[in-house]
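Coordinate analysis (summary)
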Amino acid sequence: MVIFAPGNNFLGNKMVDHDCIIDSDICRKARLARDARFDGQFFTGVLTTGIYCRSICPAVSPKEENVRYFDSPIKAANAGLRPCLRCRPDSAPGSYAWKGTTTTLERAVGFIEDGALTGVDAISIEMLADKLGVSSRYLRKLFNDGVGTSIKQYALYRQLMLAKQLLHQTNLTITQVGLAAGFNSIRRFNEAFKQTLKLTPSAFRKQAMMAELSTEHSETVSADINIAQPVKLTVELSYRPPFAWHEQHDFYQVRAVADMEWLNTEDHYGRSFSLNGVSGYFDASHSMERNSFIVDIVLENERGLIELGAIIANIKRILDLNANMQAIEQELTGLAPLKTLMLSGLRLPGTWSAFEAGCRAVLGQQVSIVQGTKLLNQLVLAYGERRTISDREVILFPTPEVVANASLDELKMPGARKLALNALGEFVKLNPDSDLNDWLSIKGIGPWTIAYAKMRGESHPDILLCGDLVVKKRVLALYQQYQQDTGKTDTLDYDALTKELAKTVSPWGSYLTFQLWNLS
């Protein structure tokens, strides 16, 4: 893959500093073929119209001499281009050139996309830097070098793209959209929207509706709003194929908790959630034809709109919609023993929180998946809060405070593991923002539990669970067979082998873990 060096080009009288990690010839072929595998990896700026598009845009393809390619939508926006109303770049799956290379930057973006710098509880850039353990000056440099813009501009851009998506896909009022996007005043929302997108929110909505009518693959989505009632809305979340949804659906099914998760059909996954005091549930329906999920979100009340951006981001994370499977599988197929056995499109099915993943890991220690799921159901049934939200009765996963003080008498497991579960609840209650590595100070919590919580609760892409018995069994079987096939007689050293494996597939060790789990 050829790397573009940053260069200066001119858009009218404005100098455009753009770069793209994908060779221009690949970009040209991908956009002409409307190749969904490249959706979100690059954006096409059309200089004659002043807009930028996704690789799958249904509009007539512009001439090559009239386009420029950008590796992120914010770089296209900074070049003075507006997002296309037909392909909606705000709906493209995320793809960042820097992802996996700078942990601090990745964590910072995560905080920003969760709304840390917006809304009534916004923190300053200095406070964000303190949370990350770096100076604000260094953090600003990371953003300028890695993302190509300032922290404030990036945060504002994410707010506006969420607002644009909600204006396009829902019937939320303008005020409610501004609230959901993290703006403290409707005046500020209107000003920022008009300055960046050259239209007021109301004018944009009218144009978007006209564009929707002219789009061949349109779909009607809506929101039913009443201040005294739950808030219901629907959004479409895209991904880049391939996607092994059948296997991911089965993974959820085997580990599902009654009334907290539901899988009504083979194309469906839903669950309850609670985030920063906001409760609700979502139903995600897979659309293979559109490479997307149609997601119905129900919030307990209108106050929940302030967390909507973080809720959508978490849904995308647990379904692993931003994964670039093409790049990941290119690394994994380099492992000769796995190459012919690998399932294309296998992703990381997440949990709603790291705490939930940690509890699942503790309950699953030294027992089968069936027994671990039975214990999990007992825990949630006994200590989860039962709510009626809209027309559905759901159970919320127990809070750290509740688990810390729970007797756990309902759970038939060793007392040491019960104490570990209590201790985990107490630690997370007192240290809600701590690094998961700090869990090692908890008696009964070891490296395997932390690694599992990182992989499923934080969707960390680079966790090869070497200490997992299933992983160990399958790695040894694969390489013993490979040795027989190639006539080698070397003694296998599992620790050395997995250390080399982890280095070879980094930063995609978690995907190798799931490939190994998936082998029969």
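Right, let's walk through the structure included here. On a predicted model such as this, the values are computed, not experimentally measured, just so you know. (Residues numbered from 1 in each chain as written. Predicted model: local features only at pLDDT ≥ 70, side-chain atom pairs only at ≥ 80, totals over all residues. Heavy atoms only, no water.)

1. Let's talk about the environment of Asp259
Inspection of the secondary structure assignment puts Asp259 in the loop between helix 10 (245-254) and strand 9 (261-262). Taking the C-alpha atoms as reference, Asp259 lies 14 Å from Ser279; in sequence the two are 20 residues apart. Leave out the neighbours within four places in its chain, and Asp259 touches Arg386, Glu393, Val394 and Ile395. (Helix = DSSP H or I, 4+ residues; strand = E, 2+ residues; numbered from the N terminus. Contact = heavy atoms within 4.5 Å.)

2. Some thoughts on the environment of Val475
Turning to its location among the elements, Val475 is positioned in helix 19 (residues 469-486). When the C-alpha atoms of Val475 and Val402 are compared, they prove to be 39 Å apart, with 73 residues separating the residues in sequence. Apart from residues no more than four positions distant in its own chain, Val475 is found in contact with Tyr494, Leu497, Thr498, Leu501 and Leu516.

3. Brief notes about the packing of aromatic side chains
Under the criterion given, the structure shown has 24 aromatic pairs. Summarising the aromatic geometry, the rings of Phe193 and Phe204 are spaced 5.6 Å apart at their centres and angled 65 degrees between planes, so their arrangement reads as edge-to-face. Taken together, the positions of Phe193 in helix 8 (residues 186-197) and Phe204 in helix 9 (residues 201-213) put the pair eleven residues apart, joining distant regions of the chain. Judged by its relative accessible area of 0%, Phe193 falls in the buried class. Under the relative-accessibility criterion, Phe204 is labelled buried at 3%. Relative to Trp352, the ring of Phe273 has its centre 4.8 Å away and its plane inclined at 20 degrees; by these criteria the two rings are stacked. Of this pair, Phe273 sits in strand 10 (residues 268-275) while Trp352 is found in the loop between helix 13 (336-339) and helix 14 (354-363), placing the two residues 79 residues apart along the sequence. In this structure Phe273 comes out as buried when scored by relative accessible area, which is 2%. An aromatic cluster is present here, built from Tyr239, Phe243, Trp245, Tyr252, Tyr269, Phe273, Phe282, Phe293 and Trp352 joined pairwise through their rings. (Phe/Tyr/Trp six-rings, centres within 6.5 Å; stacked < 30°, edge-to-face > 60°. Buried < 20%, exposed > 50% of the residue type's maximum accessible area, 1.4 Å probe, protein only.)

4. With respect to the packing of helix 4 (residues 125-132) against helix 5 (residues 136-146)
Each pair of packed helices gets described by two things: the angle between the helix axes and the distance between those axes. At a minimum axis separation of 8 Å, helix 4 and helix 5 run at an interaxial angle of 90 degrees. The orientation of helix 4 relative to helix 5 falls into the category roughly perpendicular. Residue-level contacts link Ile125, Glu126, Leu128, Ala129 and Leu132 of helix 4 to Ser136, Leu139 and Arg140 of helix 5. In terms of residue class, the contact of helix 4 with helix 5 is built from five nonpolar, one polar and two charged. (Axes fitted to C-alpha atoms, helices over the stretch in contact; angles between N-to-C directions. Parallel < 35°, antiparallel > 145°, perpendicular 65-115°, else oblique. Nonpolar A, V, L, I, M, F, W, Y, C, P; charged D, E, K, R; others polar.)

5. Points about helix 10
Restricting attention to buried positions, one finds in helix 10 the residues Trp245, Gln248, His249, Phe251 and Tyr252. Projected down its long axis, helix 10 carries its buried residues within an arc of 155 degrees, all on one side. In the core, the buried residues of helix 10 are packed alongside strand 10, strand 11 (278-287), strand 12 (292-299), helix 11 (308-319), helix 18 (447-457) and helix 21 (509-518). (Arc of directions from axis to C-beta.)

6. Section: the sheet that holds strand 6 (residues 82-83)
Backbone hydrogen bonds are what pair the strands of a sheet, in a parallel or an antiparallel way. In space, the four strands of this open sheet follow the order 5-3-4-6, with mixed pairing throughout. The sheet terminates laterally at strand 5 (67-70) and strand 6, the two strands that pair on one side only. Note that strand 3 (residues 43-46) and strand 4 (residues 51-53) share three bridges and pair antiparallel. Across the sheet, Val46 pairs through a bridge with Ile51, a residue of strand 4. Sheet strands touched by helix 1 (residues 24-33): strand 3 and strand 5. Its angle to strand 5, the strand with the most contacts, is close to 105 degrees. (Pairing = 2+ DSSP bridges.)

This is a description of form; function is not addressed.
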